Amino acid sequence: MAARMTKGELREDPVLERMQAVLRFSERNSRWLIAGVVVLAAVIVGLLALRSAQDRAEHDAALALSEAQGSFMQGNIAAAENQFRQVIDNFGRTAAAPAARIQLGDVLLAQGRAEEALSVSARVAQAGGVSDLLRVAGHRGRGAALEELGRFAEASEAYEQAARMAPFMEGDDWLNAGRSALRAGDPARAKEMLEQARTTVPDTRRPDVALYLAEADAALP
């Protein structure tokens, strides 16, 4: 049976503080944290639930995850990769493990290792027993890796899968699906995806949608 945390330990627990810092970081860098940005919010919710359950094993896994995220935020990419792998290896049965896989994909992409990132993200996207939010992030990670590999038609489909499942930020997924379809030479599909994006993206991304829509219209017969 897992050891229980005392009330004093909970009050001094560093996990919430670390995760709040991660969320602030993700908000500032949402354009390049393609796979991980959404899952971070989900992880925070999950970790708060774990705190209330006071499960020591889950808590230790969450703390290890937050430390890895801290390394990533500080630009220590090699250290972050090692730490995310340790979360997966040492806490594979906890809620933190699939989130670590998602962010390992971000780390691998940051190092130009798109094939490895694709494998890691696909594993989460296809896994059973994980939340829909994590599966969405897995599809986003697949899309980002496929786009990096120049497999634009497949990337567009992966982003569309994320968009159709996403409870929020689906506008960015539709935009990414449309952009990838354009690069794949399929302006008709691009226009379909971008029309979906037009009504769902934040105001700050609407100029991007308009630009890609103009490109799609110009490429259509």
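Bear in mind that the values here come from a model prediction, so they are computed numbers and not experimental data.

Got a minute to help me understand the nonpolar core in this structure?
In globular proteins that are soluble, nonpolar side chains generally tend to be buried together. Formed by 46 residues in total, the largest nonpolar core has its most connected members in Phe84, Leu175, Leu194 and Val209. Broken down by element, the residue count for this core peaks at eight residues, all from helix H6 (residues 96–110).

How should the environment of glutamate 195 be read in this particular structure?
Its location among the elements puts glutamate 195 in helix H11 (residues 187–198). Classification of glutamate 195 by relative accessible area gives partly exposed; the value is 31%. C-alpha of glutamate 195 to C-alpha of tryptophan 174: the two residues are 21 residues apart in sequence and 8.4 Å apart in space.

Honestly, the packing of H11 against helix H12 (residues 206–219) in this entry has me stumped. Any pointers?
How two helices sit against one another is set out by the angle between their axes and by the gap between those axes. In the contact formed by H11 and H12, the axes pass within 9 Å of each other and the chain directions differ by 155°. Relative to H12, the element H11 is oriented roughly antiparallel. Between H11 and H12 lies a crossing of left-handed hand. Contacts between H11 and H12 involve Pro187, Ala190, Lys191, Leu194, Glu195, Ala197 and Arg198 from the former and Arg206, Val209, Tyr212, Leu213, Ala216, Asp217 and Ala219 from the latter. Residues that form the contact of H11 with H12 fall into these classes: nine nonpolar, no polar and five charged.

Just to check I follow, could you spell out the pattern of salt bridges for this structure?
Two side chains with opposite charge may pair up if their charged atoms get near one another. Tallied over the full model, the rule gives 15 salt bridges. A salt bridge links arginine 206 to aspartate 203, with the nearest nitrogen and oxygen atoms 3.3 Å apart. When the shortest N-O distance is used, the salt bridge between aspartate 208 and arginine 205 registers 3.1 Å. Among the residues examined, aspartate 208 registers a relative accessible area of 23% and is labelled partly exposed.

Would you take a moment to explain the packing of helix H8 (residues 132–148) against helix H9 (residues 152–165) for this structure?
Where H8 meets H9, the axes come as close as 8 Å, and the angle between the chain directions of the two elements is 160°. Classified by the angle between their axes, H8 and H9 sit roughly antiparallel to one another. When you trace H8 past H9, the crossing you get is left-handed. From H8, Asp132, Arg135, Val136, His139, Arg140, Arg142, Gly143, Ala144, Leu146 and Glu147 reach across to H9, where they touch Phe152, Glu154, Ala155, Ala158, Tyr159, Gln161, Ala162 and Met165.

Just to check I follow, could you spell out the confidence of the model for the protein for this structure?
Keep in mind that low pLDDT regions are not for reading the predicted coordinates in detail. Overall, the predicted model of the protein reaches an average pLDDT of 80, with 76% of residues at or above 70. Confidence scores differ between elements of the protein, with helix H1 (residues 7–11) showing the lowest mean pLDDT of 44 and H11 the highest of 96. The model gives residues 1–11 a pLDDT under 50, and that stretch makes 16 contacts with residues more than four places away or in other chains.

Please clarify how the side chain of serine 71 should be interpreted in this entry.
With respect to the element layout, serine 71 can be found in helix H4 (residues 56–73). A relative accessible area of 10% means that serine 71 is categorised as buried. Those residues in contact with serine 71 that lie beyond four places of it in its chain are Asn76, Ala79, Ala80 and Gln83.

Just to check I follow, could you spell out helix H5 (residues 77–90) for this structure?
Compared with an ideal rise of 1.5 Å per residue, which puts 14 residues at 20 Å, H5 spans 20 Å between its outermost C-alpha atoms and is within 8% of the ideal. Among all positions of H5, only Ala80, Glu81, Phe84, Val87 and Ile88 are buried. Burial along H5 is one-sided: seen end-on, the buried residues are contained in an arc of 125°. Turned more than 90 degrees away from the buried face of H5, the exposed residues are Ala78, Asp89 and Asn90. Buried residues in H5 make contact with H4 and H6.

Conventions adopted
- Residues numbered from 1 in each chain as written.
- Predicted model: local features only at pLDDT ≥ 70, side-chain atom pairs only at ≥ 80, totals over all residues.
- Heavy atoms only, no water.
- Core = buried A, V, L, I, M, F, W, Y, C linked by side-chain atoms within 4.5 Å.
- Buried < 20%, exposed > 50% of the residue type's maximum accessible area, 1.4 Å probe, protein only.
- Helix = DSSP H or I, 4+ residues; strand = E, 2+ residues; numbered from the N terminus.
- Axes fitted to C-alpha atoms, helices over the stretch in contact; angles between N-to-C directions.
- Parallel < 35°, antiparallel > 145°, perpendicular 65-115°, else oblique.
- Left-handed = near helix turned anticlockwise from the far one by under 90°.
- Contact = heavy atoms within 4.5 Å.
- Nonpolar A, V, L, I, M, F, W, Y, C, P; charged D, E, K, R; others polar.
- Salt bridge = Lys/Arg side-chain N within 4 Å of Asp/Glu carboxyl O.
- pLDDT = per-residue confidence, 0-100.
- Expected span 1.5 Å × (residues − 1).
- Arc of directions from axis to C-beta.

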